[in-house]
Amino acid sequence: MAKVARQVVEQAGINVDQLLEKLVAAAAAEFTTYYYYTILRINSIGFDGEGLKEIIEDARIEDRNHFEALAPRIYELGGKLSRDIREFADVAGCPDAYLPADPRNVQEMLKVLVEAERCAIRVYTEICNMTAGKDHRTYSLALAVLHEEIEHEAWFSEFLGEGPSGHFRRETPGQSPYVSRFMTAMQK
Amino acid sequence: MKRKRFVKVAEIGQIPPGQIKTVNLQDQNVVLINLGGSYFAFDARCPHQGGPLAEGTLCEEAIQCPWHHHRYDVRTGQNVYPKNVYPADMPWLLEQVGSLQVYRIKIKGADILLEEPPGPGCPSPDGEAAQDAGKTE
């Protein structure tokens, strides 16, 4: 734990235990989503050529990156990840993104993906609202993740016919243009 | 004749549009909300895992639980997410997406009244008769 790092957040008026619950729930949601997106990506056969598969892969790897970036902050603040992965999955802040009953139905697949991203946007908006002006490091991290989740939603909603995302593909799969600077322990 | 009993729980001026207020009804915490001048009431605990819905956020006509971000239509209590994306071939998941208990509301002057739920020992409130059991005004 980073003692003073936690202390200054507490002194700023944040309930750090409550914040940690949110961060752990967010990290768990990223981890489970990474798992489920692996299945979704594998099953996205021939949707828009391989176009959908590519953006699921970007979102999948970036969600893993979000987990990687969140974990150190949880420990800095005196929190921890569950020793039991089953318990960890149960506290995930967003529902599981199951493969649809008919994996050949692209609309059903996209609905799962876009709803997962929308949930993530809500999760990080809450964390940003809670930490803005008080916990600068968590805020900066949550905002970086939020940027990427918003882009993910736009990618998938574009395929649902909700209008252009305005984006182009990542330079490399799962590049994490906003979050990568927080991934100090990983080779980028 | 058995009649449903409504009790005053708040006044209109106490809940500005888009706001949430928790009230007590027969030792149950109930959340009251004002959606553009229409009032709705529902159980304060998320049916998924008991999350505190009074701390949730309103998204149009849905209340979102802060714990796992399940969303419920406040007008009907129906789970609108993730029930909408849970696969039909995994029916056991339906246990996680049960409906939120909603309460009937009456506005009388400036008072907000809620219908009392069936008392202990009453059968499942599927029918009007069950809901009316033991209720007199």
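Predicted, not measured: the structure shown is a model, and the values here were computed from it. (Residues numbered from 1 in each chain as written. Chains lettered and ligands numbered in written order. Predicted model: local features only at pLDDT ≥ 70, side-chain atom pairs only at ≥ 80, totals over all residues. Heavy atoms only, no water.)

Chemist: Help me understand the pairing of strand β10 (residues 105–108) of chain B in this model?
Modeler: A regular strand carries its side chains on alternate faces of the sheet. All names here are of chain B. As paired strands, β10 and strand β11 (residues 111–115) are joined by four bridges and run antiparallel to one another. Following the sheet pairing, Lys106 is matched in β11 by Leu113. The antiparallel pairing of β10 with β11 creates a hairpin that spans two residues between the two strands, and Gly109 there sits at a positive phi of about 65 degrees. (Pairing = 2+ DSSP bridges. Helix = DSSP H or I, 4+ residues; strand = E, 2+ residues; numbered from the N terminus.)

Chemist: Could you clarify how one ought to interpret the state of the cysteines in this entry?
Modeler: Covalent bonding between the sulfur atoms of two cysteines is what defines a disulfide. Tallying each qualifying case throughout the model produces one disulfide over all chains. One disulfide in the model links Cys94(A) with Cys119(A); its S-S distance is 2.1 Å. Around the S-S axis, the bridge from Cys94(A) to Cys119(A) shows a dihedral of about -100 degrees and counts as left-handed. Taken together, the residues Cys94(A) in the loop between α4 (85–90) and α5 (106–131) and Cys119(A) in helix α5 connect sequence positions 25 residues apart. Take Cys119(A): its relative accessible area is 1%, and that puts it in the buried class. Here Cys59(B) is not cross-linked by a disulfide; its sulfur's nearest cysteine counterpart is in Cys119(A), at 10.0 Å. Here Cys65(B) is not disulfide-linked; the sulfur of Cys46(B) is the nearest cysteine sulfur, at 4.0 Å. (Disulfide = S-S within 2.5 Å. Buried < 20%, exposed > 50% of the residue type's maximum accessible area, 1.4 Å probe, protein only.)

Chemist: For this particular structure, what's the right way to read the nonpolar core?
Modeler: Here is a general trend for soluble globular proteins: nonpolar side chains tend to be buried in one another's company. Residues Tyr37(A), Leu113(A), Tyr124(A), Ile127(A) and Phe156(A) are the most contacted members of the largest nonpolar core, which totals 61 residues. Those elements that place two or more of their residues in this core are α2 (16–43), α3 (51–76), α5 and α6 (136–159) of chain A. Looking at this core element by element, the count peaks at 14 residues for α5(A). Those residues within four positions of Tyr37(A) in sequence are excluded, and the remaining contacts are Ile56(A), Ala59(A), Arg60(A), Asp63(A), Ala97(A), Leu113(A), Ala116(A), Glu117(A) and Phe156(A). Membership of the second largest hydrophobic core comes to 13 residues, among which are Ala10(B), Leu25(B), Leu32(B) and Tyr103(B). (Core = buried A, V, L, I, M, F, W, Y, C linked by side-chain atoms within 4.5 Å. Contact = heavy atoms within 4.5 Å.)

Chemist: How should I be thinking about the interface of chain B and chain A in this particular structure?
Modeler: Accessible area lost upon the coming together of the parts is a frequently used measure of interface size. Listed as interface residues are 20 residues of chain B and, on the opposing side, 19 residues of chain A. Three residues, His69(B), Tyr81(B) and Val85(B), lead the burial of chain B against chain A; their summed loss comes to 33% of the area buried on that side. Counting across the interface, chain B meets chain A through one salt bridge. Taking the shortest distance from any N to any O, the salt bridge between Arg71(B) and Glu115(A) comes out at 3.8 Å. Taken together, the connections running from chain B to chain A amount to five residue pairs in polar contact (both at pLDDT 80 or more). Looking at side-chain class alone, the side of chain B that touches chain A contains eleven nonpolar, seven polar and two charged residues. (Buried area = accessible area lost by both parts, 1.4 Å probe. Salt bridge = Lys/Arg side-chain N within 4 Å of Asp/Glu carboxyl O. Polar contact = N/O pair within 3.5 Å; in protein donor to acceptor, adjacent residues only side chain to side chain. Nonpolar A, V, L, I, M, F, W, Y, C, P; charged D, E, K, R; others polar.)

Chemist: Any chance you could explain the pattern of salt bridges here in plain terms?
Modeler: Any two side chains of opposite charge can pair if their charged atoms end up close together. Residue and element names in this part refer to chain A. All chains considered together, the criterion is met by 22 salt bridges over all chains. Here Glu50 ties to Lys53 by a salt bridge, and the two come within 3.0 Å at their closest N and O atoms. Looking at Lys53, the relative accessible area reads 23%, which means it is partly exposed. Its salt-bridge partner being Glu76, residue Arg137 comes within 2.7 Å of it at the nearest N-O pair. Pair noted here: Arg137 is in helix α6 and Glu76 is in helix α3, with a separation of 61 residues, a long-range link. Residue Arg137 is classed as partly exposed on the basis of its relative accessible area of 46%. Sharing partners across several salt bridges, the network here consists of Arg73, Glu76, Asp135 and Arg137.

Chemist: Would you mind going over empty space enclosed by the protein with me for this structure?
Modeler: The probe, sized like a water molecule, is rolled over the atoms to show the empty space still left. All names here are of chain A. Under the counting rule described, the total for this entry stands at one cavity of 30 Å³ or more. The calculated volume of the largest cavity comes to roughly 100 Å³. Taken together, 14 residues line the largest cavity, and the ones lying closest to its centre are Ala29, Thr33, Cys94, Ala116 and Ala120. Split into classes, the residues belonging to the lining of the largest cavity amount to nine nonpolar, one polar and four charged. (1 Å grid on protein atoms, 1.4 Å probe; cavity = no way out; pocket = protein on both sides within 12 Å on 5 of 7 lines; lining within 4 Å. Points joined across faces, edges and corners; volume = space filled by probe spheres on them.)

Chemist: Got a minute to help me understand α6(A) in this structure?
Modeler: Along an α-helix, residues three or four positions apart point the same way, because every turn accommodates 3.6 residues. For α6(A), spanning 24 residues, the distance from its first C-alpha to its last is 35 Å, which sits close to the expected 34 Å at 1.5 Å a residue. In the stretch just after α6(A), Gly161(A) is the one whose phi turns positive, near 85 degrees. (Expected span 1.5 Å × (residues − 1).)

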